[in-house]
Amino acid sequence: MAKERRKAVLELLQRPGNARCADCGAPDPDWASYTLGVFICLSCSGIHRNIPHVSKVKSVRLDTWEDVQVEFMASRGNAIARATFESRVPPFYYRPSASDCPLLREQWIRAKYERQEFAHPERQEPYSAGYREGFLWKRGRDNGQFLSRKFVLTEREGALKYFNRSDAKEPKAVMKIEHLNATFQPAKIGHPHGLQVTYLKDNSTRNIFVYHEDGKEMVDWFNALRAARFHYLQVAFPGASNADLVPKLSRNYLQEGYMEKTGPKQTEGFRKRWFTMDDRRLMYFKDPLDAFARGEVFIGSRESGYTVLDGLPPSTQGHHWPHGITIVTPERRFLLACETESEQRAWMEALRKVVDRPMLPQEYAVEAHFKHKP
């Protein structure tokens, strides 16, 4: 009987919607919440175990199933659960994938099943109100210490501001929503809730690094920033659909890591730098947590004279790492070296994806600005 029940549960995986994890979309889920009626992956099942008052999990293949549990799973499934628990997800709310950090996946699962925010829109107020203020731990630009700073997000002013003192009248920085990006960087920041916020200051990228001890607070800030971006873009592009706007709300970096680089004359020695590929901006830093990039390179399209070559010119000297990359731009060549072949391949793939993509009209204006930088 136990074998037949397990077989019946396995057969339910063939139903539409059940072939991927209900929470992160990973293929071939092997676990199930028998109190919610959803099929989930191993990683998400660990999060479900942390909310036992809401969700109880079993292995589809290894655990023993009761008749009543099999019947409940058959009556539910991922598609019905999605219609129940995700009926009112705001378009700007970030839906995590299997590759996202644990914090985003955990808060998505808690928001859906524990807090039921997407069945009760009034519970979405922390990130939907158009205004948010609170304290976050922010890394100091010069000393690297994290200090508590007051942050204010106001859609009406189109800005995120922070203050060095809670009673300060003037903000230390005003970050325009138009040019703002936020991405979770727990490993880089050294905290599971670490968020990197970037904005443009004098058309150069500025980084700030923040976290909050409460995971829900940090994800609410992240989604409030996405909401502000969404509403800004709706005004800026009145004819655009949600499907057009949502990918523009926040972006993860295409590639990050250490490479060696040499200067424009290509006669000085190679120096190790931290590189970040943010859309068409390739930036390099002395340290991953620097506030400002040491330099930025615009990566245009093939039609505009940009190419990425495997290796370095034969005469190149001074690099310690063996796996070279040459970026050809209309102005000059940039010589880079990676420590391992796999890192070189990953960088080549990321750079070529950008080069192979035709440039948008507004990107030509950005390129022109790079060309006229002193």
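Residues numbered from 1 in each chain as written. Predicted model: local features only at pLDDT ≥ 70, side-chain atom pairs only at ≥ 80, totals over all residues. Heavy atoms only, no water.

The protein chain is annotated in an unreviewed UniProt entry as ArfGAP with dual PH domains 1 of Bos mutus grunniens. What UniProt states about the protein chain under its Subcellular location (unreviewed entry) heading is, verbatim, "Cytoplasm". (UniProt positions renumbered as here; feature names shortened; annotations may be inferred.)

### Here we look at the sheet that holds strand β12 (residues 271–278)
As summarised here, the arrangement of the seven strands in space is β14-β13-β12-β11-β17-β16-β15, forming an open sheet in which the pairing is antiparallel. With one partner strand each, in any of the chains shown, β14 (295–298) and β15 (307–310) form the two edges of the open sheet. With direction set aside, neighbouring strand axes in the sheet form an average angle of 35°. For strand β11 (residues 255–261) and strand β17 (residues 333–338), the ladder comprises two bridges, and the chain directions are antiparallel. Within β17, the residue paired with K261 across the bridge is L336. Docked against the sheet, helix α10 (residues 341–355) engages β11, β12, β13 (281–285), β15, β16 (323–328) and β17, running at close to 160° with respect to β15. (Pairing = 2+ DSSP bridges. Helix = DSSP H or I, 4+ residues; strand = E, 2+ residues; numbered from the N terminus. Axes fitted to C-alpha atoms, helices over the stretch in contact; angles between N-to-C directions. Contact = heavy atoms within 4.5 Å.)

### With respect to the domain arrangement of the protein chain
According to the domain assignment, the protein chain consists of domain 1 (1–121), domain 2 (125–248) and domain 3 (255–372). Averaged C-alpha coordinates put domain 2 and domain 3 at centres separated by 27 Å. Taken as a group, K188, N203 and T205 account for 44% of the area that domain 2 buries against domain 3, more than any other trio of residues on that side. Inspection of the region where domain 2 meets domain 3 yields one salt bridge. A salt bridge links K188 to E256; the shortest N-O distance between them is 2.7 Å. Between domain 2 and domain 3 we count six residue pairs in polar contact (both at pLDDT 80 or more) in total. (Domains from an automatic or database assignment. Buried area = accessible area lost by both parts, 1.4 Å probe. Salt bridge = Lys/Arg side-chain N within 4 Å of Asp/Glu carboxyl O. Polar contact = N/O pair within 3.5 Å; in protein donor to acceptor, adjacent residues only side chain to side chain.)

### Focus on the pattern of salt bridges
On inspection of all chains with the given rule, the structure shows 25 salt bridges. Between E133 and K150 there is a salt bridge; the shortest N-O distance is 4.0 Å. Here E133, found in strand β4 (residues 131–139), pairs with K150, found in strand β5 (residues 146–154); they are 17 residues apart in sequence, far enough to count as distant. With a closest N to O distance of 3.8 Å, E363 and R357 form a salt bridge. Here E363 falls in the buried class, since its relative accessible area comes to 10%. Look at the salt bridges and you will find they share partners, linking D23, R82, E86, R95 and K112 into a network. (Buried < 20%, exposed > 50% of the residue type's maximum accessible area, 1.4 Å probe, protein only.)

### Some thoughts on helix α3 (residues 67–75)
All buried positions along α3 are accounted for by Q69, V70 and M73. Along the long axis of α3, the arc covered by the buried residues comes to 100°, so they all point the same way. Away from its buried face, by an angle of more than 90 degrees, α3 presents the exposed residues V68 and E71. At its buried positions, α3 is contacted by α1 (2–12), β1 (31–33), β2 (38–40) and β3 (57–59). Where α3 ends, the next residue or the one after it, G77, has phi of about 95°, a positive value. (Arc of directions from axis to C-beta.)

### Some details on the UniProt feature "domain: PH" (unreviewed entry) in the protein chain
Taking the numbering used here, the UniProt-annotated feature "domain: PH" (unreviewed entry) corresponds to residues 129–230 and 252–356. Between the end C-alpha atoms of residues 129–230 there is a gap of 13 Å, over a span that is 20% helix and 45% strand.

### Regarding the packing of aromatic side chains
Aromatic ring pairs are defined here through the distance separating the ring centres and the angle between the ring planes. Evaluation of the coordinates by the stated rule reveals 18 aromatic pairs. With a centroid separation of 6.3 Å and an interplanar angle of 75°, the aromatic rings of F92 and Y127 are classed as edge-to-face. Of the two residues, F92 sits in the loop between α4 (78–85) and α5 (102–114) while Y127 sits in helix α6 (residues 125–128), which places them 35 residues apart along the sequence. Residue classification places F92 among the buried positions, given a relative accessible area of 5%. Measuring from centroid to centroid gives 5.0 Å for Y258 and W274, while their planes differ by 85°, and the two rings are edge-to-face. (Phe/Tyr/Trp six-rings, centres within 6.5 Å; stacked < 30°, edge-to-face > 60°.)

### What to know about the nonpolar core
Nonpolar side chains in soluble globular proteins generally cluster together in the buried interior. Within the largest apolar cluster, 39 residues are counted, with the highest numbers of intra-cluster contacts made by F151, L160, M175 and F184. Ranked by the residues each element gives to this core, the list is headed by helix α8 (residues 215–236), at 10 residues. Looking at which domains feed residues into this core, each of domain 1 (1–121) and domain 2 (125–248) gives three or more. Every residue in contact with F184, bar those within four places of it in the chain, is listed here: C101, L103, L104, H193, G194, L195, M218, V219 and F222. Ranked by size, the runner-up nonpolar core spans 22 residues in total, among them M259, Y284, V308 and C338. (Core = buried A, V, L, I, M, F, W, Y, C linked by side-chain atoms within 4.5 Å.)

### Things to note about the sheet that holds β3
If you walk across this open sheet you meet the three strands as β2-β1-β3, and the pairing is antiparallel. Unpaired on one side and paired on the other, β2 and β3 mark the two borders of the sheet. Adjacent strand axes in the sheet meet at a mean angle of 30°, parallel and antiparallel pairs treated alike. Sitting on the sheet, helix α2 (residues 42–49) touches β1, β2 and β3, and the angle it makes with β2 is about 120°.

### Some details on the pairing of β17
With five of its six residues buried, β17 lies for the most part within the structure. Two strands pair when backbone bridges link them, and β16 and β17 are joined in this way by six bridges, in the antiparallel orientation. Opposite I325, over in β17, you have L336 as the bridge partner. As consecutive antiparallel partners, β16 and β17 are separated by four residues.

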